[in-house]
Amino acid sequence: MALYEHVFLSRQDISNQQVDQLVETFRGILETNGGKVVKVENWGLKTLTYRIKKNRKAYYTLLNIDAPSAAVDELERLMRFNEDVLRYLTIRVDAHEEGPSAMMQKRDDRPRRGGDRDRGDRGDRGDRGDRGPRRDRDDDRPRRPRDNDSE
């Protein structure tokens, strides 16, 4: 059987218990079609980047699934009809991640990305060539000729 990561967004006005009921419903659908849910992570209520069906927030839930493709197709088909599910995404993976997902890790536990502080010593930047010295920002505006500059 194939391994999948499945994330779905449910409406903001349902309770946590109703989200858990949705997860159990989807788990039952997968099990009747020969699959199983390996792990469930509730990421909680989060603000959406843009409105989806007049909702500004949604409950995010991750399911790690070990199931045949027919079971996943049936799950997605039934999610389309469920009015509590706003969006869903299923991705086939080679292996499930051990431990918590990136959304559940604390910011301190995540590996650091190379930012501005990790650029190291930039050294001497070299000669500016024929560009001359740097000017202040005020020097960018056009100058009026002075009376003694007209010579």
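By the naming in an unreviewed UniProt entry, the chain is Small ribosomal subunit protein bS6, taken from Jiella pacifica. Per UniProt, the comment on the chain under Sequence similarities (unreviewed entry) is "Belongs to the bacterial ribosomal protein bS6 family." Regarding the chain, the UniProt comment filed under Function (unreviewed entry) reads as follows: "Binds together with bS18 to 16S ribosomal RNA."

Student: It is not clear to me how the environment of glutamate 41 should be interpreted in this structure. Could you clarify?
Tutor: Mapped onto the elements, glutamate 41 comes out in strand 2 (residues 36-52). The class for glutamate 41 is buried, based on a relative accessible area of 7%. Note: C-alpha distance between glutamate 41 and asparagine 64 (23 residues apart in sequence) is 8.7 Å. For glutamate 41, the residues in contact, after removing those within four places along its chain, are Tyr60, Thr61, Leu62, Gly99, Pro100, Ser101 and Met104. A polar side-chain atom of glutamate 41 sits 2.9 Å from a polar atom in the side chain of tryptophan 43.

Student: Please explain the packing of aromatic side chains as it appears in this structure.
Tutor: The relation between two aromatic rings is expressed through the spacing of the ring centres and the mutual angle of the planes. The final tally for this structure, using the stated rule, is two aromatic pairs. With a centroid separation of 5.3 Å and an interplanar angle of 90°, the aromatic rings of phenylalanine 8 and phenylalanine 26 are classed as edge-to-face. Taken as a pair, phenylalanine 8 in strand 1 (residues 2-11) and phenylalanine 26 in helix 1 (residues 16-32) lie far apart in primary sequence, 18 residues in all. Accessibility classification places phenylalanine 8 together with phenylalanine 26 in one group, the buried group. A ring pair is formed by tryptophan 43 and tyrosine 60, whose centres lie 6.5 Å apart and whose planes are at 25°; its orientation type is stacked. Of the two residues, tryptophan 43 is situated in strand 2 and tyrosine 60 in strand 3 (residues 55-67); the sequence distance between them amounts to 17 residues. Both residues of the pair, tryptophan 43 and tyrosine 60, count as buried.

Student: Got a minute to help me understand the sheet that holds strand 1 in this structure?
Tutor: Strands belonging to one sheet form pairs held by backbone hydrogen bonds; the direction of such a pair is parallel or antiparallel. Strand order across the open sheet formed by four strands is 2-3-1-4, with antiparallel pairing between neighbours. Both edges of this open sheet fall to strand 2 and strand 4 (85-93), since each of them pairs with a single strand only. When the angles between neighbouring strand axes are averaged without regard to direction, this sheet yields 20°. Relative to strand 3, strand 2 runs antiparallel, the two being bridged by 11 bridges. Looking at the pairing, isoleucine 52 lines up with asparagine 55 of strand 3. Where helix 1 meets the sheet, it contacts strand 1, strand 2, strand 3 and strand 4, and its direction lies at approximately 30° from that of strand 3. Along the sheet face, helix 2 (residues 69-81) touches strand 1, strand 3 and strand 4 and points at about 165° away from the line of strand 4.

Student: Just checking my understanding: could you explain the nonpolar core for this structure?
Tutor: If you look at soluble globular proteins, the nonpolar side chains tend to sit buried side by side. Judged by nonpolar contacts, the single largest core of 20 residues is most densely connected at Phe8, Phe26, Leu30 and Ile65. At the level of secondary structure, the elements contributing two or more residues to this core comprise strand 1, helix 1, strand 3 and helix 2. The dominant element in this core, judged by the number of residues it contributes, is helix 1, at six residues. Among all residues touching phenylalanine 8, those that are not within four sequence positions of it are Leu22, Val23, Phe26, Tyr59, Tyr60, Thr61, Leu63, Met79, Val85, Arg87 and Tyr88. The next biggest cluster of nonpolar side chains, apart from the first, holds nine residues, and it includes Ala58, Tyr60, Leu62 and Leu86.

Student: Is there a simple way to think about the pattern of salt bridges in this case?
Tutor: Where charged atoms from two side chains of opposite charge approach closely, those side chains can pair. This structure, assessed with the given rule, holds five salt bridges. Across the salt bridge formed by arginine 11 and aspartate 13, the nearest N and O atoms sit 3.4 Å from each other. Relative accessible area serves as the criterion here: at 54%, aspartate 13 is assigned to the exposed category. Across the pair lysine 39 and glutamate 41 runs a salt bridge whose closest N-O atoms are separated by 3.3 Å. Judged by its relative accessible area of 22%, lysine 39 is partly exposed. Overlapping salt bridges bring together Arg11, Asp13 and Asp84 as one network.

Conventions we followed
Residues numbered from 1 in each chain as written. Predicted model: local features only at pLDDT ≥ 70, side-chain atom pairs only at ≥ 80, totals over all residues. Heavy atoms only, no water. UniProt positions renumbered as here; feature names shortened; annotations may be inferred. Helix = DSSP H or I, 4+ residues; strand = E, 2+ residues; numbered from the N terminus. Buried < 20%, exposed > 50% of the residue type's maximum accessible area, 1.4 Å probe, protein only. Contact = heavy atoms within 4.5 Å. Polar contact = N/O pair within 3.5 Å; in protein donor to acceptor, adjacent residues only side chain to side chain. Phe/Tyr/Trp six-rings, centres within 6.5 Å; stacked < 30°, edge-to-face > 60°. Pairing = 2+ DSSP bridges. Axes fitted to C-alpha atoms, helices over the stretch in contact; angles between N-to-C directions. Core = buried A, V, L, I, M, F, W, Y, C linked by side-chain atoms within 4.5 Å. Salt bridge = Lys/Arg side-chain N within 4 Å of Asp/Glu carboxyl O.

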